[in-house]
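Overview (structure and organization)
The primary structure of each chain is shown beneath.
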Amino acid sequence: MTTPPLPTATPVTRLAPSWFADVSVTTGDGEDAQAVGFPILAGGDVPAALEATTEALNRAGYTGAVGSTLAEPREQGPARVAVGLGEEGSLDAAAVRDAAAAFARAVPADAALAMHVPSPFPGGVAAAAAAIVEGVLLARHRFDLRSTAKPGDPVAVTSIVLVPADGDGDDVTAGAARGLVTARAALVSRDLAACPASLLTAEAMGEVATELGSAVGLDVEVTDLAGLVDLGCGGLLGVNRGSEREPRMVHLTYTPAGEPTGHLGLVGKGITYDSGGISIKPGDESHSQMKNDMTGAGAILAAMLVLPALACPARVDAWLMCTDNMPSGTAMQLGDVLTMRGGTTVEVINTDAEGRLVMADALVLAVEAGCDAIVDVATLTGACLRTFGTEVAGVMGNDPALVAAVSEAGNHADELVWELPLIASYASQLDSDIADLKNLGGPNAGAITAALFLERFVSGTPWAHIDIAGTAQAPAPDAWVNRGPTGFGARLLVDLVVNFQK
């Protein structure tokens, strides 16, 4: 019996369609749109254009809470939609983003939307404008490989008009432009995580990075199997041993026009499909989601693509460590000892603890590149999912200032992280009888021992580790988050990198 040929590489436009989507974002009065959203504070005045009183809206089920909407269809002109902003004391960008998402969901058949920008606004109306664009586009995102459209599916948004208050036009225009850039990063990250593993192979990740990265001015270097052997990347090579596909390491570099404010390294786990290897996963729904085990690499790639548009002042190097993790006659076995980049030896206790192996090589490369700080992103441990659920990621690190910067960026992006301690005494769980360390600790504190493993490879460089195992996939839609891959991390990283200083 012969093995059937694997699918050929899919064009990049199918792997990351959101990057190529034509969306117009402008300012105006919104009267040419198909629907116009009117944001209203709870208990606030109802705009005259809605031709309704607060009491009438309440009788129809509108409450004014964040996410509450009431659409008023009209014979002529755009539909008018009351959109709740919640209480004035809790008004922030996250509330506006959620409100904009609710508005977009309330009119799923309309492709041309407009929304008034609340003014005055804490932090400035530019932040509100950016949040509106993000909320609308993220809520209406779809990654679809159907041959025919499914009746009732929301249509793609092709036009967003922001209606500024008097005197706010320039700030709203600037905020809207930024919102389009950051939304596109999150959408591309979602696209990649939603791709079936047979389409988004390690080779295909390299092709996406090369085509899109080169087009925006990034330096892109893709290392193949032979190159990885020369580099001594034993972690990535070990995980790849069971695969019919070659691994790829994608190295992206962004260099600012002026003197850099600092040099940040990003490391992403790019396991395009994680069967668990010899330590095979159970055949449940979580196994079927393992095509998204490259979400860390996807978020980093998406964030890197928008840095030129934002004139990021820091230099950024990113390493995406890409392979699938499959069982076969050549697969990595329990008890094997791998030699990582830099010479550290690792005894493999569980082949399903593979993400830390591929990232260890890249962490060493980031140190060798002289990065001032390193941040890695990975769907790393079920323990982090059990700890924080699906709405908060874990963060750990050896530098309080860097961990605080990650947390602040998460707050700005509404992609929340919570710090777990690196308990030094737990590192002894990684001791091996025959190698420098094992790739798995004990049955408890799995997120922490995984981070302690990674810390061994940063050589004291300021470093933070973001475990997105829980937040990478949403079980149900909520505000701007859709069911399925969330793109978590892309907007957080953009905020972190743009504000990074040595």
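Presented here is an overview of the structure given in this document. (Residues numbered from 1 in each chain as written. Predicted model: local features only at pLDDT ≥ 70, side-chain atom pairs only at ≥ 80, totals over all residues. Heavy atoms only, no water.)

Considering the nonpolar core
What tends to happen in soluble globular proteins is that the nonpolar side chains get buried as a cluster. Leu252, Leu266, Met304, Leu320, Val375, Ile466 and Leu493 are the most contacted members of the largest nonpolar core, which totals 66 residues. Counting residues in each nonpolar core, the second largest holds 44 residues, with Met332, Ala378, Phe457 and Val458 among its members. (Core = buried A, V, L, I, M, F, W, Y, C linked by side-chain atoms within 4.5 Å. Buried < 20%, exposed > 50% of the residue type's maximum accessible area, 1.4 Å probe, protein only.)

Description of the sheet that holds strand β11 (residues 337-339)
The strand order β11-β12-β16 describes an open sheet built from three strands, whose pairing is mixed. Strands at the two margins of the open sheet, each flanked by one partner only, are β11 and β16 (437-438). Of the pairings in the sheet, the one linking β11 to strand β12 (residues 345-347) comprises three bridges and is antiparallel in character. Opposite Leu338, over in β12, you have Val346 as the bridge partner. (Pairing = 2+ DSSP bridges. Helix = DSSP H or I, 4+ residues; strand = E, 2+ residues; numbered from the N terminus.)

Thoughts on the environment of Lys438
The topology assignment puts Lys438 in strand β16. As a C-alpha pair, Lys438 and Val83 span 355 residues in sequence and 53 Å in three-dimensional space. Sequence-distant contacts of Lys438, defined by excluding residues within four places in its chain, comprise Val346, Glu347, Ile349, Gln429, Leu430, Asp431, Ser432 and Phe453. (Contact = heavy atoms within 4.5 Å.)

Thoughts on the pattern of salt bridges
According to the stated counting rule, one finds 17 salt bridges in the structure shown. Where Arg146 meets Asp144, a salt bridge forms, and the shortest distance between an N and an O atom there is 3.0 Å. Judged by relative accessible area, which is 39%, Arg146 ranks as partly exposed. Assessed through its relative accessible area of 35%, Asp144 is described here as partly exposed. Linking Arg491 and Glu415 is a salt bridge whose minimum nitrogen-to-oxygen distance equals 4.0 Å. Taken together, the residues span a long stretch of sequence, with Arg491 in helix α16 (residues 490-498) and Glu415 in the loop between α14 (400-413) and β15 (417-419) at a distance of 76 residues. Accessibility assignment for this pair places Arg491 and Glu415 in one class, buried. (Salt bridge = Lys/Arg side-chain N within 4 Å of Asp/Glu carboxyl O.)

Some words on unusual backbone geometry
Across the junction of Ser119 and Pro120, the peptide omega takes the value 0°, indicating a cis bond. Counting through the fold element by element, Pro120 comes out in the loop between β5 (112-116) and α5 (125-139). Notably, Ser459 is not glycine yet its phi reads approximately 55°, a positive angle. The residue Ser459 is located in the loop between α15 (446-455) and β17 (463-467) in this model. Owing to a relative accessible area of 62%, Ser459 belongs among the exposed residues under this scheme. Notably, Ala479 is not glycine yet its phi reads approximately 55°, a positive angle. Within the element layout of this structure, Ala479 appears in the loop between β18 (473-474) and β19 (484-485).

Observations regarding the packing of helix α4 (residues 93-106) against α5
Any two packed helices are characterised by the angle at which their axes cross and by the distance between the axes. Where α4 contacts α5, the axes come no closer than 7 Å and their chain directions differ by 40°. Taken together, the axes of α4 and α5 lie oblique to each other. Judged by the sense of rotation from one axis to the other, the crossing of α4 with α5 is right-handed. Seen from α4, the contacting residues are Ala93, Val96, Arg97, Ala100, Ala101, Ala104 and Arg105; seen from α5, they are Ala128, Ala131, Ile132, Glu134, Gly135, Val136 and Ala139. Taken together, the residues of the contact of α4 with α5 sort by class into 10 nonpolar, one polar and three charged. (Axes fitted to C-alpha atoms, helices over the stretch in contact; angles between N-to-C directions. Parallel < 35°, antiparallel > 145°, perpendicular 65-115°, else oblique. Left-handed = near helix turned anticlockwise from the far one by under 90°. Nonpolar A, V, L, I, M, F, W, Y, C, P; charged D, E, K, R; others polar.)

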